[in-house]
Amino acid sequence: MPETKSYESIAANVAAVRETMKEAAQRAGRDVSEITLVAATKVQTSDTIRNAIQAGITVCGENRVQELVAHLEDNAYQGAKVHFIGHLQTNKVKFVVGKVDMIESIDSTRLMDAVEKQAAKLDIVQDILLEVNIGDEESKGGAAIDEVLALAQHALACPHLRLRGLMCIPPATASEEENRGFFQETYQLFVDMKDKLEDNNSTIDCLSMGMSGDYPLAIEGGSTMVRVGTALFGARPPWHPQG
């Protein structure tokens with residue numbers, strides 16, 4: 001069982017991350033208020049999440065449906081929004097749609113249709129991001145670069161989905177220079193997607209790029225949302241699912 005991180009330690013880390021975000025934004029000539037800090041709460045306890053929210057975190061990002069459900073039952077996210085940022089299987093959609101403010105990891109029409117169907121059943125509009133496999137990695141989820149526009153058009157045809165933008169995770173082995181290129185490429189894809197969509201695309205305003213090891217680069221590359229876990233909570237313990 002992971003240990004609960006203290007409010008004091010999290011608050012110090014949140015302040016340090018926000019300062020680094022501010023410096024990166026200044027280097028890019030941007031206002032840091034345009035960039036949302038998403039606390040990646042994978043393998044954290046409900047009390048750690050509560051302490052993070054008390055320390056000023058306004059958005060939590062969950063990777064695993066099982067943890068999301070447990071934290072929702074504990075009412076751990078009270079006072080913050082919740083994003084689902086991990087791989088989502090179609091058979092788990094019912095546990096996520098309507099329970100989170102945004103699903104950041106839509107990467108196929110099959111998954112999108114499952115989310116649309118569940119959102120229609122609940123009579124809600126679910127915010128989504130399209131996950132792009134920017135490094136073209138066989139082992140990683142995400143849509144291929146040349147599939148993104150068609151996926152975006154499909155999303156706009158779904159009445160119970162609201163397309164908000166793109167998410168990417170560059171290869172873990174990428175160098176700083178390679179990462180910079182991946183972020184620039186994703187930003188250009190984001191801009192091109194908005195330009196090419198004929199429908200009203202005013203809701204497309206989110207570009208989720210950057211994690212603990214590279215979020216300053218992502219901010220310099222145009223990210224509006226960074227998903228930070230280790231820099232806030234320390235190294236993750238191993239995960240042992242219950243049951």
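Just so you know, these numbers come straight off a predicted model, no measurement behind them.

Conventions used here
- Residues numbered from 1 in each chain as written.
- Predicted model: local features only at pLDDT ≥ 70, side-chain atom pairs only at ≥ 80, totals over all residues.
- Heavy atoms only, no water.
- Helix = DSSP H or I, 4+ residues; strand = E, 2+ residues; numbered from the N terminus.
- Rg over C-alpha atoms; globule rule 2.2 N^0.38 Å.
- Buried < 20%, exposed > 50% of the residue type's maximum accessible area, 1.4 Å probe, protein only.
- Contact = heavy atoms within 4.5 Å.
- Areas by Shrake-Rupley, 256 points an atom, 1.4 Å probe, with all protein chains shown as cover.
- Axes fitted to C-alpha atoms, helices over the stretch in contact; angles between N-to-C directions.
- Parallel < 35°, antiparallel > 145°, perpendicular 65-115°, else oblique.
- Left-handed = near helix turned anticlockwise from the far one by under 90°.
- Nonpolar A, V, L, I, M, F, W, Y, C, P; charged D, E, K, R; others polar.
- Arc of directions from axis to C-beta.
- Core = buried A, V, L, I, M, F, W, Y, C linked by side-chain atoms within 4.5 Å.
- Expected span 1.5 Å × (residues − 1).
- Polar contact = N/O pair within 3.5 Å; in protein donor to acceptor, adjacent residues only side chain to side chain.

**A closer look at the overall build of the chain**
Now for step 1: Scanning the chain from terminus to terminus reveals eight helices and eight strands.
Now for step 2: Whereas a compact globule of 243 residues would reach a radius of gyration of roughly 18 Å, the chain reaches 17 Å, a difference of no more than 12%.
Now for step 3: By principal-axis analysis of the C-alpha atoms, the chain measures approximately 50 × 45 × 30 Å.
Now for step 4: By residue count, 49% of the 243 residues in the chain fall in the buried class.
Now for step 5: Of all intrachain contacts in the chain linking residues separated by at least 6 positions in sequence, the fraction that spans at least 24 positions is 61%.
Now for step 6: As displayed, the chain has an accessible area near 11500 Å², and 47% of this comes from carbon and sulfur atoms.

**Thoughts on the packing of helix 5 (residues 148-156) against helix 6 (residues 176-196)**
Now for step 1: Interhelical geometry of helix 5 versus helix 6 gives an angle of 50 degrees and a closest axis separation of 10 Å. By the angle between their axes, helix 5 is oblique relative to helix 6. Between helix 5 and helix 6 the crossing geometry is right-handed. Within the contact between the two elements, helix 5 uses Val148, Leu149 and Ala152 and helix 6 uses Leu189, Met193 and Lys196.
Now for step 2: Across the contact of helix 5 with helix 6, the residue classes break down as five nonpolar, no polar and one charged.

**A closer look at helix 5**
Now for step 1: Among the residues of helix 5, Val148, Leu151, Ala152 and Ala155 are the ones counted as buried. In an axial view of helix 5, the angular spread of the buried residues amounts to 100 degrees, which keeps them on one side of the axis.
Now for step 2: Against helix 4 (109-122), strand 5 (126-132), strand 6 (161-168) and helix 6 lie the buried residues of helix 5.

**Thoughts on the environment of Ala39**
Now for step 1: Along the chain, Ala39 falls in strand 1 (residues 36-40).
Now for step 2: On the basis of relative accessible area, Ala39 is assigned to the buried category, the value being 0%.
Now for step 3: Considering only alpha carbons, one finds Ala39 and Ala55, 16 residues apart in sequence, at a separation of 11 Å.
Now for step 4: Beyond its immediate sequence surroundings of up to four residues, Ala39 is in contact with Ile57, Val59, Cys60, Gly61, Val228, Leu232 and Phe233.

**A word on the nonpolar core**
Now for step 1: One finds Ile103, Met112, Ile128 and Leu130 to be the most contacted residues of the largest nonpolar core, which totals 66 residues.
Now for step 2: Per-element tally for this core: the top contributor is helix 1 (residues 7-27), with six residues.
Now for step 3: Setting aside anything within four residues of it in sequence, one finds Leu130 in contact with Glu104, Ile106, Met112, Val148, Leu151, Ala152, Leu163, Gly165, Leu166, Met167 and Met193.
Now for step 4: With seven residues, the next largest nonpolar core counts Val38, Leu129, Met167 and Cys206 among its residues.

**Let's talk about helix 1**
Now for step 1: With 21 residues, helix 1 extends 30 Å between its outermost C-alpha atoms, agreeing within 8% with the 30 Å of an ideal straight helix rising 1.5 Å per residue.
Now for step 2: Taken together, the buried positions of helix 1 are occupied by Ile10, Val14, Val17, Met21, Ala24 and Ala25. Considered in projection along helix 1, the buried side chains sweep an arc of 95 degrees and stay on one side of the axis. Exposed side of helix 1, more than 90 degrees from the buried face: Glu8, Gln26 and Arg27 are the residues found there.

**Brief notes about the packing of helix 4 against helix 5**
Now for step 1: Orientation of helix 4 relative to helix 5, taken along the N-to-C sense of each, is 15 degrees, at an axis distance of 11 Å. The angle between helix 4 and helix 5 places the two elements in the roughly parallel class. Classified by chirality, the crossing of helix 5 by helix 4 is right-handed. Only Leu151, His154 and Ala155 of helix 5 make contact with helix 4, whose side of the interface consists of Thr109, Met112 and Asp113.
Now for step 2: Class assignment for the residues of the contact of helix 4 with helix 5 results in three nonpolar, two polar and one charged.

**Side note on the side chain of Glu104**
Now for step 1: With respect to the element layout, Glu104 can be found in strand 4 (residues 102-106).
Now for step 2: Polar contacts involving the side chain of Glu104 include one to the side chain of His83, which spans 2.8 Å.
Now for step 3: Other than its neighbours up to four places away in sequence, Glu104 contacts His83, Phe84, Ile85, Leu129, Leu130, Glu131, Met167, Ser208, Met225 and Arg227.

Keep in mind these values describe shape, not function.
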